[in-house]
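Reading the structure
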Amino acid sequence: MTKKLFAVVTLMLAGFTMAGLVQAQAEEKAATLKIEKPWTRVTPPGAKVAAGFVTITNTGSEADRLVGATASLSKHVEVHEMSMKDGVMRMQEVADGIEIAPGATVVLQPGGYHMMFMELSASPKVGEPVKGTLKFAKAGELPIVFAVAPLGAKSLDGGGKMTDSQKKDEMDHGSHHMKH
Amino acid sequence: MAAGTLLSRIRLALWGLVAIAIFAAGALLLGNLQEAARQGASLPGAARLGGDFELVDHDGNAFSSQALKGKPHAIFFGFTHCPDICPTTLFEMTKHLDELGPKADTLKVLFVTVDPDRDTPEHLKTYLSAFDDRIVGLTGNEKQVASAIKAYRVFAEKVPTSDGDYTMNHTATVYLFDGKGTLASTLSWEEDENTRLAKLARLAERG
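Read on for a plain summary of the structure. (Residues numbered from 1 in each chain as written. Chains lettered and ligands numbered in written order. Predicted model: local features only at pLDDT ≥ 70, side-chain atom pairs only at ≥ 80, totals over all residues. Heavy atoms only, no water.)

Tallying each qualifying case throughout the model produces three cavities of 30 Å³ or more. Approximately 130 Å³ is the volume found for the largest cavity. Taken together, K154 of chain A together with T88, T89, E92, M93, H96, A172, V174, L187, S188, W189 and R196 of chain B form the lining of the largest cavity. By residue class, the composition of the lining of the largest cavity is five nonpolar, four polar and three charged. Each pocket or cavity is described by its volume, and for the second largest cavity that value is around 80 Å³. The wall of the second largest cavity is formed by 15 residues, among which R41, V42 and T43 of chain A together with P83 and P87 of chain B lie closest to the centre. When contributions to the lining of the second largest cavity are tallied by element, the ones reaching two or more residues are β2 (50–58) of chain A together with α2 (85–100) of chain B. Its residues assigned to classes, the lining of the second largest cavity shows eleven nonpolar, three polar and one charged. (1 Å grid on protein atoms, 1.4 Å probe; cavity = no way out; pocket = protein on both sides within 12 Å on 5 of 7 lines; lining within 4 Å. Points joined across faces, edges and corners; volume = space filled by probe spheres on them. Nonpolar A, V, L, I, M, F, W, Y, C, P; charged D, E, K, R; others polar. Helix = DSSP H or I, 4+ residues; strand = E, 2+ residues; numbered from the N terminus.)

So this is what it looks like as structure tokens:
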């Protein structure tokens, strides 16, 4: 009986240690990615989808890939690329994720790469930042907070009508560097 | 010998007349083109675009192309499960209509869904409530929408997403038609805001 208990405790300890190691490794990798200005915008009423944007810089020496994301008000999120050619808008899921080479900055912005928030449970509201995560192939899942820009905004800083509360919101949550 | 000279003179005179006729015809054509350009010419191939359609507006009423006779209008295609270009185009259009104020009251602005399965009149009405109320949402049954898409030579295709759902690829150009039903201009997403506004203002004035 004592032996059994001892074995269980040992296994548990080993488990914790391993989890800790994995966590530490993920955090080490995360330190090489700079995540800036995660944002989304207000959608028209009844909209089932929204778009999320972010700027990611790889300050490390190893390439990583943005492979997915989550957002609290979306059932699931896909990474998409929008393109315009001859007046036709095309939307494509980026199946392998977006590569961020060492030293490179990838900007997810209107008209290009974006996170597609699918099956919204609620519309994003100005002044109510949206919690979420970014999933990287190597760095793992990193928590972020999407600031909310007004309807029709083309960037977080401009293009839409910004209210004071939103500017504050952006200052509080918009630029969110990963430091571990 | 004398007869030969006379003949060649006549021939020369006739050729001269031909040259004058060609010149006159050319000048006349050029004049017409310039006149057309001054009045705001239609685009090449314009006559082939557009046509009759029978759709349903966002209040659930029948809306046919007959309602556009004699009215300058802007028409563009999209869908509400569209994260970027459709809400942005609607937002920009709202801003322009706002800037034009009552001048834009002569304009009809139509947003036609390429996704009638999901975009019911009720859903379009809710969605469009965030935008200028002069924008009319149009949907219909699959056949009706397909025939409108064909008439306007718009590209639209379903693209499956990994969750088993779908999104749409579609033409995002806004077509501007004058009161005669001729394509007068287009608006594009990449274009400068002031250019778009000027084009809409011109269309409203031109009627």
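Once the structure has been displayed, the description carries forward.
Of all hydrophobic cores here, the largest spans 57 residues; its most connected members are F53, I75, M93, I135 and Y152 of chain B. If one sorts the elements of this core by residue count, α2 of chain B sits on top with seven residues. Not counting chain neighbours up to four residues away, the residues in contact with F53 of chain B comprise F63, S64, S65, L68, I75, L138, A148 and Y152 of chain B. Counting 27 residues, the second-largest nonpolar core is a separate cluster that includes V79, V106, L120 and L134 of chain A. (Core = buried A, V, L, I, M, F, W, Y, C linked by side-chain atoms within 4.5 Å. Buried < 20%, exposed > 50% of the residue type's maximum accessible area, 1.4 Å probe, protein only. Contact = heavy atoms within 4.5 Å.)

What follows deals with the interface of chain A and chain B. In this complex, chain A contributes 29 residues to the contact, which on the side of chain B involves 32 residues. Counting the surface lost from both chain A and chain B, the interface buries some 2,500 Å², and carbon and sulfur atoms represent 63% of this. Here chain A and chain B share three salt bridges between them. Here R90 of chain A and E157 of chain B are joined by a salt bridge, their closest N and O atoms 3.4 Å apart. For the pair chain A and chain B, the interface holds eleven residue pairs in polar contact (both at pLDDT 80 or more). Of all elements in the fold, only β2, β4 (74–85), β5 (88–93) and β8 (113–120) of chain A reach the threshold of two or more residues within the side of chain A that touches chain B. Taken together, the residues that form the side of chain A that touches chain B break down as 15 nonpolar, seven polar and seven charged. (Buried area = accessible area lost by both parts, 1.4 Å probe. Salt bridge = Lys/Arg side-chain N within 4 Å of Asp/Glu carboxyl O. Polar contact = N/O pair within 3.5 Å; in protein donor to acceptor, adjacent residues only side chain to side chain.)

Here the idea is simple: oppositely charged side chains can pair when their charged atoms come close. Taken as a whole, this structure holds 18 salt bridges over all chains when the rule is applied. Residues K154 of chain A and E92 of chain B are paired through a salt bridge, measuring 3.3 Å at the closest nitrogen-oxygen approach. Remark: E92 of chain B occurs in helix α2 and K154 of chain A occurs in the loop between β10 (140–149) and α2 (164–174); the pair is interchain, linking two chains. Among the residues examined, E92 of chain B registers a relative accessible area of 6% and is labelled buried. Among the salt bridges present, the one from D178 of chain B reaches R206 of chain B, with a minimum N-O distance of 3.0 Å. Here D178 of chain B, found in the loop between β8 (174–177) and β9 (183–187), pairs with R206 of chain B, found in helix α5 (residues 193–206); they are 28 residues apart in sequence, far enough to count as distant. The exposure class assigned to D178 of chain B is buried, which follows from its relative accessible area of 3%. Residues joined by salt bridges that share partners form a network here, namely K154 of chain A together with E92, K95, E193 and R196 of chain B.

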